[in-house]
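Fold and contact review
What follows is the residue order along each chain.
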Amino acid sequence: IDSQAEFRKYLPWANTEFTEEHSRQWVQWAYYNWMSQRQYDFVIADVNTDEFLGGIGLLEVDLINKHAKLGYWLGTAYTGQGLTTKAARLIMKFARQELKLEKLIIRVSEDNVASIRVAKKLGAHFIGKEDHQEFHNHRWQDTWVYELEL
């Protein structure tokens, strides 16, 4: 996906060029996390063409306390079409029905308007701000935290 410049604003992992070898390593890592029930990563793809559009996942899954973090990203060319919201609703269903989770946490940079919009469209409630939570792009960034009851 050619959205690297946009991703760099919000995603620390987007600061390097992503090679085919990185992709292979990521698939192995994602498989390990899935099998250990720690993280569940999914692809967002076009249903007609199978074109890769972005990713979405459940992070830091806590099956005992019944919650996880929800993370998502979408190629810039595909934003504004409701695709992330649709994908997130499917993930919410998976989290509720398959994993028996009761709550998802969404953490976003305070200036990531698109991700905040998705959280609100999903019905997430703002629960607080974490000051200087992430050091990214040579500065500390504040994070807004949303909670989504399943």
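Worth saying up front: this structure is predicted, and the values here are computed from it rather than measured.

1. What about the overall build of the chain?
- Along its length, the chain carries four helices and six strands.
- Listing every helix and strand of the chain by position from the N terminus yields α-α-β-β-β-α-β-α-β-β.
- In the chain, which comprises 150 residues, the share counted as buried stands at 37%.
- Taking the intrachain contacts of the chain between residues at least 6 apart in sequence as the baseline, contacts between residues at least 24 apart amount to 51%.
- Approximately 9,400 Å² of the chain is accessible, and the part contributed by carbon and sulfur atoms is 53%.

2. Description of the side chain of E147
- With respect to the helices, strands and loops of the structure, E147 is situated in strand 6 (residues 139–149).
- A polar contact is formed between the side chain of E147 and the side chain of K103, at a distance of 3.5 Å.
- Look past the residues within four positions of E147 in its chain and what remains in contact with it is K103, L104, I105, A124, H125 and I127.

3. With respect to the pairing of strand 4 (residues 103–109)
- Most of strand 4 is tucked away, with five of its seven residues classed as buried.
- As paired elements, strand 3 (residues 67–74) and strand 4 share three bridges and run parallel to each other. Across the sheet, the residue bridging to A68 is L104, located in strand 4.
- In terms of handedness, the path from strand 3 via helix 3 (residues 83–97) over to strand 4 forms a crossover that is right-handed.

4. A closer look at a nonpolar patch on the surface
- Together, W26, V27 and W29 line one region of the surface with nonpolar side chains, adding up to about 300 Å² of accessible area.
- Topologically, W29 is positioned in helix 2 (residues 20–35).

What counts and how
Residues numbered from 1 in each chain as written. Predicted model: local features only at pLDDT ≥ 70, side-chain atom pairs only at ≥ 80, totals over all residues. Heavy atoms only, no water. Helix = DSSP H or I, 4+ residues; strand = E, 2+ residues; numbered from the N terminus. Buried < 20%, exposed > 50% of the residue type's maximum accessible area, 1.4 Å probe, protein only. Contact = heavy atoms within 4.5 Å. Areas by Shrake-Rupley, 256 points an atom, 1.4 Å probe, with all protein chains shown as cover. Polar contact = N/O pair within 3.5 Å; in protein donor to acceptor, adjacent residues only side chain to side chain. Pairing = 2+ DSSP bridges. Right-handed = clockwise from strand over helix to strand, strands pointing away. Patch = residues over 30% accessible without salt bridge, like charges linked within 9 Å, V, L, I, M, F, W, Y side chains within 5 Å. Salt bridge = Lys/Arg side-chain N within 4 Å of Asp/Glu carboxyl O.

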